[in-house]
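What follows is each chain in one-letter form.
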Amino acid sequence: MKAERKRMSKTIGILTAGSDCPGLNAAIRAVGKAAKAEGMNVIGFLDGFQGLVNDQALSLEGEMLSGILTKGGTILGTSREMPHAYTAESGVVDRTADAVDVYHRHHLDALVCLGGRETQESALHLTRQGLNVLTLPKGVDNDLPETDVSLGCDTAMGIAAEAIDRLHSTAHSHHRIIIVEVTGRTSGWLTVGAGVTGGADIILIPELPYQLEKIIAAIQQRNQAGKHFSIIAVAEGAMSQDQADFISRIHTMNERNRTGEERERVKEQLERLQMDYRDNTSMLANRLEQTTDWQTRITILGYLLRGGIPSIGDRILATQLGTVCVRWITEGKSGVMVAMQKSEVTPVPLEKVVGQRKPLSLSHPWIISARQVGTSFGV
């Protein structure tokens with residue numbers, strides 16, 4: 001009888017993929033504890049989809065789920081590997097069949113994947129192979145579409161705002177321009193949120209190409225008002241109007257002069273170029289120092305935003321998303337992202353998430369409020 005009850009109980013798998021961020025362990029805990037309460041078995045796969053295709057699994061028992069609510073990172077580890085684009089010695093290979101085999105070998109009833117854009121893409125791919133997959137949105141940049149907020153964003157915004165707070169004193173003391181680079185290659189959610197709450201004087205984001213002369217004018221205006229320092233919060237994907245125009249012209253030429261696969265290949269290269277302006281912040285700092293004669297310093301927050309104890313907001317979000325995810329598994333839902341929309345947890349089909357972006361609207365209340373208190377966006 002015991003063996004029969006054990007066979008009848010559901011088994012779910014869980015993994016974390018892509019970048020680490022605060023709140024992942026809280027979500028693992030929520031999924032694990034809620035699943036245990038429903039009599040389910042829970043298996044964790046190590047290092048993301050790498051652990052799935054290589055069958056690196058472990059049973060998530062009660063002790064493993066205790067004491068991790070406030071831990072940063074992920075107890076399961078993570079990687080950027082994707083089942084259909086897996087890096088091997090021979091190059092990039094498709095290991096979808098291995099992922100499907102491991103899923104069935106463990107008799108999984110569902111697989112829960114925590115991650116960002118690439119994770120959502122992999123989850124959709126596995127769904128189309130007939131697997132029951134649900135995802136939880138993750139990303140400090142908050143750039144996943146169809147959800148108001150992603151795991152890690154609240155914590156990262158607090159860290160970035162505190163960094164800006166702390167840099168005010170040294171900028172004021174030394175009469176310097178200090179540029180704070182915040183993550184965000186395609187969207188400015190994190191930069192605007194941190195910039196507004198940290199009191200940045202100038203905010204530069206990917207959605208709004210800046211003009212150097214407008215930034216200089218804003219700095220000079222502050223100087224004339226007796227404020228002999230400036231804090232600039234810049235998203236890593238922000239670019240000047242000249243750079244944006246250059247990329248736009250190449251896009252236009254590509255669309256006119258190329259066809260088929262060649263057009264798609266060049267388009268992908270241009271998108272990578274647009275997302276990979278690694279020296280943008282340094283270039284901006286050099287130009288400002290040369291033009292204004294003010295010492296300009298850079299602080300790149302980078303990985304700092306992904307680490308440490310998750311905020312209260314991220315713990316609540318992780319617990320809500322994780323427990324609802326388990327409820328949906330018991331109801332037979334799959335192929336969805338567990339999203340937060342207008343304070344309600346909502347199932348969003350993965351087809352609506354994959355391949356989409358979530359730019360910050362220029363009419364968003366954060367931007368309107370920032371402008372009303374005198375913040376410049378370099379335009």
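Up top is the structure these notes are about.
It should be emphasised that the depicted structure is a prediction, and the values quoted were computed from it without experimental measurement. What you see as residue numbers is a count from 1 along each chain, following the sequence as written. Predicted model: local features are reported for residues with pLDDT of at least 70 only, side-chain atom pairs are reported and counted for 80 or more only, and whole-chain, interface and lining totals are derived from all residues. Computation of side-chain values covers all heavy atoms of the structure but excludes hydrogens and water.

Asker: Tell me about the sheet that holds strand β12 (residues 336–341), residues and numbers included.
Answerer: Reading across the sheet, the seven strands line up as β3-β2-β1-β6-β7-β12-β13 and stay open at both edges, with mixed pairing between neighbours. Edge strands, defined here as strands with exactly one partner in the open sheet, are β3 (57–59) and β13 (344–349). The average undirected angle you get between the axes of adjacent strands in this sheet is 30°. Only when DSSP finds a minimum of two bridges between them are two strands counted as paired. Each helix is a run of DSSP H or I of at least 4 residues and each strand a run of E of at least 2, with the numbering of both proceeding from the N terminus. Of the strand pairs in this sheet, strand β6 (residues 110–115) and strand β7 (residues 133–137) are connected by five bridges, and their pairing is parallel. Note that in β7 the partner of Leu114 across the bridge is Leu136. Against the sheet, helix α5 (residues 117–127) makes contact with β6, β7 and β12, and its axis sits at roughly 170° relative to β7, the strand it touches most. Between the N-to-C directions of two axes lies an angle of 0 to 180 degrees, each axis being a line fitted to C-alpha atoms and, for a helix, fitted only over the stretch in contact. By definition, residues are in contact when any of their heavy atoms lie within 4.5 Å.

Asker: Which residues make up the pairing of strand β2 (residues 41–45), and what values do they have?
Answerer: When you tally the buried positions in β2, you get four out of five residues, the bulk of the element. Where strand β1 (residues 11–16) and β2 come together, four bridges link them in parallel fashion. Looking at β2, one finds that Ile14 is bridged to Gly44. Every crossover in which the path from the first strand over the helix to the second runs clockwise, viewed with the strands pointing away from the viewer, is termed right-handed. Running through helix α2 (residues 24–37), the crossover from β1 to the neighbouring parallel element β2 is right-handed. Here β2 runs beside β3; their pairing, made up of three bridges, is antiparallel. Counted as the bridge partner of Ile43 is Ser59 from β3. Burial classes follow relative accessibility: with a 1.4 Å probe on protein chains only, a residue under 20% of its type's maximum area counts as buried, one over 50% as exposed, and anything between as partly exposed.

Asker: A description of the packing of aromatic side chains should follow, citing residues and the corresponding values.
Answerer: Any Phe, Tyr or Trp ring, taking Trp's six-membered ring, that has another such ring centre within 6.5 Å forms a pair; planes under 30 degrees apart are called stacked, those over 60 apart edge-to-face, and the others tilted. In the structure shown here, the tally under the stated rule is one aromatic pair. Summarising the aromatic geometry, the rings of Trp189 and Trp366 are spaced 6.0 Å apart at their centres and angled 80° between planes, so their arrangement reads as edge-to-face. Highlighted residues: Trp189 in helix α7 (residues 189–198) and Trp366 in helix α13 (residues 365–372), separated in sequence by 177 residues. Using a relative accessible area of 11% as the deciding quantity, one classes Trp189 as buried. The exposure class of Trp366 is partly exposed, given its relative accessible area of 32%. Between Arg222 and the ring centre of Phe229, over which it is positioned, the NZ or CZ distance is 5.0 Å. Working rule: Lys NZ or Arg CZ, within 6 Å of ring centre, within 35 degrees of ring normal, means a charge sits over the ring. For Lys358, the ring lying beneath its charged end belongs to Trp189, and the centroid distance is 5.0 Å.

Asker: Describe the packing of α7 against α13, listing the residues and the values that go with them.
Answerer: Two elements in contact, α7 and α13, have axes whose closest approach is 10 Å; the angle formed by their N-to-C orientations is 40°. It follows from the interaxial angle that α7 and α13 lie oblique. In terms of crossing hand, the pair formed by α7 and α13 is left-handed. Contacts from Trp189, Val192, Gly193 and Val196 in α7 reach Trp366, Ile367 and Ala370 in α13. Ten residue types, Ala, Val, Leu, Ile, Met, Phe, Trp, Tyr, Cys and Pro, are classed as nonpolar, four, Asp, Glu, Lys and Arg, as charged, and the remainder, Gly among them, as polar. Across the contact of α7 with α13, the residue classes break down as six nonpolar, one polar and no charged. For this classification, under 35 degrees means roughly parallel, over 145 means roughly antiparallel, 65 to 115 means roughly perpendicular, and everything else is oblique. Should the near helix be turned anticlockwise from the far one by less than a right angle, the crossing is termed left-handed; should it be turned clockwise, right-handed.

Asker: Describe the sheet that holds strand β8 (residues 177–182), with residues and values.
Answerer: With parallel pairing, four strands are arranged side by side in an open sheet as β9-β10-β8-β11. At either margin of the open sheet sits one strand with a lone partner, and together these are β9 (202–204) and β11 (296–300). Sheet twist, expressed as the mean angle between neighbouring strand axes with direction ignored, is 20°. Docked against the sheet, α7 engages β8, β9 and β10 (230–235), running at close to 175° with respect to β9.

Asker: Can you break down the packing of helix α8 (residues 212–224) against helix α11 (residues 280–292) residue by residue, with the values?
Answerer: At a minimum axis separation of 11 Å, α8 and α11 run at an interaxial angle of 55°. Considering the angle they form, α8 stands oblique to α11. With respect to the hand of their crossing, α8 and α11 are arranged in right-handed fashion. Only Leu284, Arg287, Leu288, Thr291 and Thr292 of α11 make contact with α8, whose side of the interface consists of Leu212, Ile215, Ile216 and Ile219. Split by residue class, the contact of α8 with α11 holds six nonpolar, two polar and one charged.

Asker: I'd like a rundown of the pairing of β8, residues and numbers included.
Answerer: Most of β8 is tucked away, with six of its six residues classed as buried. A two-sided burial pattern is seen for β8, the buried positions comprising Ile177, Ile179 and Glu181 on one face and Ile178, Val180 and Val182 on the other. Bridging between β8 and β10 involves six bridges; their strand directions are parallel. Looking across to β10, one finds that Val182 is bridged to Ala235.

Asker: Quick rundown of the environment of Leu24? Include the residues and the values.
Answerer: Its location among the elements puts Leu24 in helix α2. For Leu24, a relative accessible area of 0% translates into the label buried. The spatial distance from the C-alpha of Leu24 to the C-alpha of Lys342 is 22 Å, given a sequence separation of 318 residues. With residues up to four places along the chain from it excluded, the contact list for Leu24 reads Thr16, Ser19, Gly73, Thr74, Leu114 and Lys138.

Asker: Which residues make up the pattern of salt bridges, and what are the values?
Answerer: Any carboxyl oxygen of Asp or Glu that lies within 4 Å of a side-chain nitrogen of Lys or Arg is treated as forming a salt bridge with it. Under the counting rule described, the total for this entry stands at twelve salt bridges. The salt bridge partner of Arg185 is Glu236, with a shortest N-O separation of 3.7 Å. Placement of Arg185 in the loop between β8 and α7 and of Glu236 in the loop between β10 and α9 (241–257) is noted, with a sequence separation of 51 residues between them. Classification of Glu236 by relative accessible area gives partly exposed; the value is 21%. Notably, a salt bridge pairs Arg327 with Glu331, separated by 3.8 Å at the nearest N-O pair. The class of Arg327 is partly exposed, set by a relative accessible area of 45%.

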